[in-house]
There are 2 protein chains.
Amino acid sequence: MAGGDAPTRIRLLEAAVEVMAESGWSAVTSRAVAERARANNALVHYYFGSVDALRRAAVMHAVEKELEGPVEALLRAEDVLDGVADAVRGLIERGPGTAQQRVVVEALMQGLRDEELRGEGVRQIRTFRDLLAARLAENRAAGLLRADADPAALAVVLTALMDGLLLHVLIDPDTDAAGATDRLLALLRPTGPQDAGEQTPDE
Amino acid sequence: MAGGDAPTRIRLLEAAVEVMAESGWSAVTSRAVAERARANNALVHYYFGSVDALRRAAVMHAVEKELEGPVEALLRAEDVLDGVADAVRGLIERGPGTAQQRVVVEALMQGLRDEELRGEGVRQIRTFRDLLAARLAENRAAGLLRADADPAALAVVLTALMDGLLLHVLIDPDTDAAGATDRLLALLRPTGPQDAGEQTPDE
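Residues numbered from 1 in each chain as written. Chains lettered and ligands numbered in written order. Predicted model: local features only at pLDDT ≥ 70, side-chain atom pairs only at ≥ 80, totals over all residues. Heavy atoms only, no water.

### Remarks on the relation of the copies chain A and chain B
What counts, and what does not: To superpose the copies, least squares is applied to the C-alpha atoms of every residue with a pLDDT of at least 70 in both.
The transformation that overlays chain A on chain B combines an axial shift of 0.0 Å with a rotation of 180 degrees, and the residual RMSD is 0.0 Å. A rotation of that kind, with that shift, is consistent with a two-fold axis.

Structure, rendered in C-alpha cells:
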C-alpha cells in the first residue's frame, strides 16, 4: 500500500496510517514509519517536524480521505436522504473496516486528549453538519423531506449516526447499518401532500 | 476519586479508568495504577493476572457503569422514546465528558484491535439493541410509536446514534445533542389516529 509513485510526504502519511491502524497512536514512530515507507528516517522530521505532528497529519489524512465519499454522496444526490443512505452503504461496503477507518476512529479518540486534533475534529464535524443542513433545507423546500423536520437538528443527529454506525460496524460487522438507516430515513419523508415542504413554508 | 472504602479490586479498576482517561490505553501500567490507588503493585497481578487483563477489566468497568443510566432510563420510561431522550440528556449533563466516558470511547477503539474486547463490545451492543427493540415494539403496540416504524431497525440506529452523539459531544461540547434528539424522536411518534400501532398490526 505505502509505496508506488506517490510523493514521499504522502507515502509517509499512508505508512503512518497503516502502522496506526495496526497498533495505535503511540506505535507510530519515525523509525516504524520510515521503514514501512522505505524512506529515510530523517525525512519524517524534514516533512513533519515531530512525531506528534506526523501522527496528527496521518489521522487528518485518513479523515479527509474517508470523508471524500460521504461528502461527494451528499453533494451529488438530488435527494439528500438518498445521499445519506449511500454514504452509510459506502461505510460498510468495505467489509470489516479499512486501515483508514480504524484511524478515523483513532482520530476521534485522540481528539479527546489533544487540543490541536480536537480543533480539527470540531471543524470537520461542523463543516459536515452545515453541508448536510443546507441540503436538507433545500430538500424540504422541494417536498422531499417532511415539513416538520428541522434541517439543523436532523443534520446533528444524522452526522452522529454515521459515526456511531461506523463504530458499530467495525465492532460488530453483522450490524445491518444500511437496512436500519433506510428504515429510519423512510420515516423522514413526507407521508402525503399535506406534509410536503412547499405547502407549509412555516420556518 | 480512586480511594475511600471501596474494595481494593474496585479501587484498582477506578484508578486504571482515571489513568486511561488521562493518557490512554498504553499508559495503564501496574505501577501507575498501584500508585494512583495507593495499593501494592503486586495486588494488580494478584487480582488481574496481567496488565492487559487489568486494562480490559477497567474498560468493561467503565462501560458497565456508563450504561447503567441509559439502561435504567429505557427500562423505567413508560414511553421508550422519552427514555432515549433522557439517556441522551444523561450523556451530556456531565459537561465536557467524564473520565468514564473517555474510557468508554477508548474501549470502543481498543475493541477494534483486541478480539476479547471486541467480543465484549458485540455482546454489549446487541444486548442494548435487543432491550431497546423489545421496548419499541411494546410502545408501537400501545400507539406511542408510528405503525410504520420497524422496532429492530430503529434499535440499531438509535443505539448507534447514542454512541455517535457521545463522541461528538466529547469533541464538540457545543453540540445540541438533546435538542436534536428531541426533534428526531418527535418525527417517530404517530401523527394521528390512523397512524397508531394498534389499528395496523401488520407485522
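Structure shown, so let's carry the discussion forward.
### Focus: the interface of chain A and chain B
Here is the rule: Working rule for contacts: check all heavy atoms of both residues, and any pair within 4.5 Å makes them a contact. Buried area: the sum, over both parts, of the accessible surface (1.4 Å probe) that disappears when the two are put together. Salt bridge criterion: a side-chain nitrogen from Lys or Arg within 4 Å of a carboxyl oxygen from Asp or Glu. Side-chain atoms alone can form a polar contact between residues adjacent in sequence; in general such a contact is a pair of N or O atoms within 3.5 Å, and within protein one must be able to donate a hydrogen while the other accepts it. Here a helix means four or more residues in a row that DSSP labels H or I, a strand means two or more in a row labelled E, and each is numbered from the N terminus. As a working rule, the residues Ala, Val, Leu, Ile, Met, Phe, Trp, Tyr, Cys and Pro are called nonpolar, Asp, Glu, Lys and Arg charged, and the rest polar, with Gly in that last group.
Across the boundary between the two partners, chain A contributes 50 residues, which contact 50 residues of chain B. At the boundary of chain A with chain B, total buried surface from both sides reaches about 4,300 Å², with 67% on carbon and sulfur atoms. For the interface between chain A and chain B, the tally reads six salt bridges. Between Arg126(A) and Asp172(B) there is a salt bridge; the shortest N-O distance is 2.7 Å. In this assembly, chain A and chain B are joined by 14 residue pairs in polar contact (both at pLDDT 80 or more). Here the side of chain A that touches chain B takes 14 residues from helix H8 (residues 151–171) of chain A, the largest share from any one element. For the side of chain A that touches chain B, a count of residues per class yields 24 nonpolar, ten polar and 16 charged.

### Some points on the pattern of salt bridges
When the charged atoms of two side chains with opposite charge come close together, those side chains can pair. To keep it simple, the criterion reads: Per-residue accessibility, obtained with a 1.4 Å probe over protein chains only, is compared with the maximum for each type, and a residue is labelled buried under 20%, exposed over 50%, and partly exposed between these values.
All told, the structure shown has 32 salt bridges over all chains when counted by the stated rule. Arg135(A) is the salt-bridge partner of Glu138(A), the closest N and O atoms lying 3.4 Å from each other. With a gap of three residues between them, Glu138(A) and Arg135(A) both fall in helix H7 (residues 115–141), about one helical turn apart. When its relative accessible area of 44% is taken as the criterion, Glu138(A) is described as partly exposed. The class for Arg135(A) is buried, based on a relative accessible area of 9%. Salt bridges sharing partners connect three or more residues here, namely Arg126(A), Arg129(A), Asp172(B) and Asp174(B).

As far as function goes, none of this settles anything; it's purely spatial.
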